[in-house]
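Residues per chain are reported as follows:
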Amino acid sequence: MPGSPRPAPSWALLLRLLALLRPPGLGEACSCAPAHPQQHICHSALVIRAKISSEKVVPASADPADTEKMLRYEIKQIKMFKGFEKVKDVQYIYTPFDSSLCGVKLEANSQKQYLLTGQVLSDGKVFIHLCNYIEPWEDLSLVQRESLNHHYHLNCACQITTCYTVPCTISAPNECLWTDWLLEQKLYGYQAQHYVCMKHVDGTCSWYRGHLLLRKEFVDIIQP
């Protein structure tokens, strides 16, 4: 039914899905579709700030025939931005041990803090992989940190489209064009770090940095 909550995924389903992300012939590769930080926050079941206390290799399931391994990180949760209705306090997070299945390597026993996004599985475990948005907290801009509380969540009705070549135009009024790759040849450039795709009362969306409109070069890029 429309509006019904989606069932939480299981270990086995997520591992099968991650296996499909492997490009044919590249057994040691992990491939992810690009996504703006706002999209990551909107599509993730859980968003937290945390430190990594320790790591341990564990079986992926209780089935003796299952040879898959997972990496379990014990964490110290500092703040939760999303996921309150699913979990109260996260003690462990899990990721594939195999790097070709998009397993995440984090620094344990250090002072480094991370922004972690991920899924909550049907058994309550938190699962992360390289296709999630996972960044050292110190690398986030002030706009990104502030937007975690409100702006990203409140504007999930907006659509963000990645521009790779020109011309690049919007196809819907609630769409924002993400031009970091086009202008800077990297995904998380100035636009990802400092702008939010915000919805107006008339249903349209546009880029904003606080009260400032999008920089002129971001607007010009949509013209043929």
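Residues numbered from 1 in each chain as written. Predicted model: local features only at pLDDT ≥ 70, side-chain atom pairs only at ≥ 80, totals over all residues. Heavy atoms only, no water.

A. Geometry of the UniProt feature "binding site: Zn(2+)" (unreviewed entry) in the chain. When the UniProt feature table is mapped to this numbering, "binding site: Zn(2+)" (unreviewed entry) covers C30. Counting through the fold element by element, C30 comes out in the loop between α1 (11-20) and α2 (37-43). Judged by its relative accessible area of 26%, C30 falls in the partly exposed class. Sequence-distant contacts of C30, defined by excluding residues within four places in its chain, comprise S99, S100, C102, L130 and C131. (UniProt positions renumbered as here; feature names shortened; annotations may be inferred. Helix = DSSP H or I, 4+ residues; strand = E, 2+ residues; numbered from the N terminus. Buried < 20%, exposed > 50% of the residue type's maximum accessible area, 1.4 Å probe, protein only. Contact = heavy atoms within 4.5 Å.)

B. Inspection of unusual backbone geometry at higher detail. Here V166 and P167 are connected by a cis peptide whose omega angle stands at 0°. Summarising the element assignment, P167 is placed in the loop between β7 (159-162) and β8 (175-178). At C102, a position not held by glycine, the phi torsion is positive, near 70°. Note on placement: C102 falls in the loop between β3 (92-96) and β4 (113-120). Even without a glycine there, the phi angle at Q185 is positive, about 60°. Position of Q185 among the secondary structure elements: in the loop between α5 (180-184) and α6 (190-194). By relative accessible area, which is 53% here, Q185 ends up exposed.

C. Broad picture of the side chain of D180. Mapped onto the elements, D180 comes out in helix α5. Using a relative accessible area of 0% as the deciding quantity, one classes D180 as buried. A polar contact of 3.0 Å, which involves the side chain of D180, links it to the backbone nitrogen of G189. Of note is the side chain of D180, whose polar atom sits 3.0 Å from the backbone nitrogen of Q191. Beyond its immediate sequence surroundings of up to four residues, D180 is in contact with Q185, K186, L187, Y188, G189, Y190, Q191 and A192. (Polar contact = N/O pair within 3.5 Å; in protein donor to acceptor, adjacent residues only side chain to side chain.)

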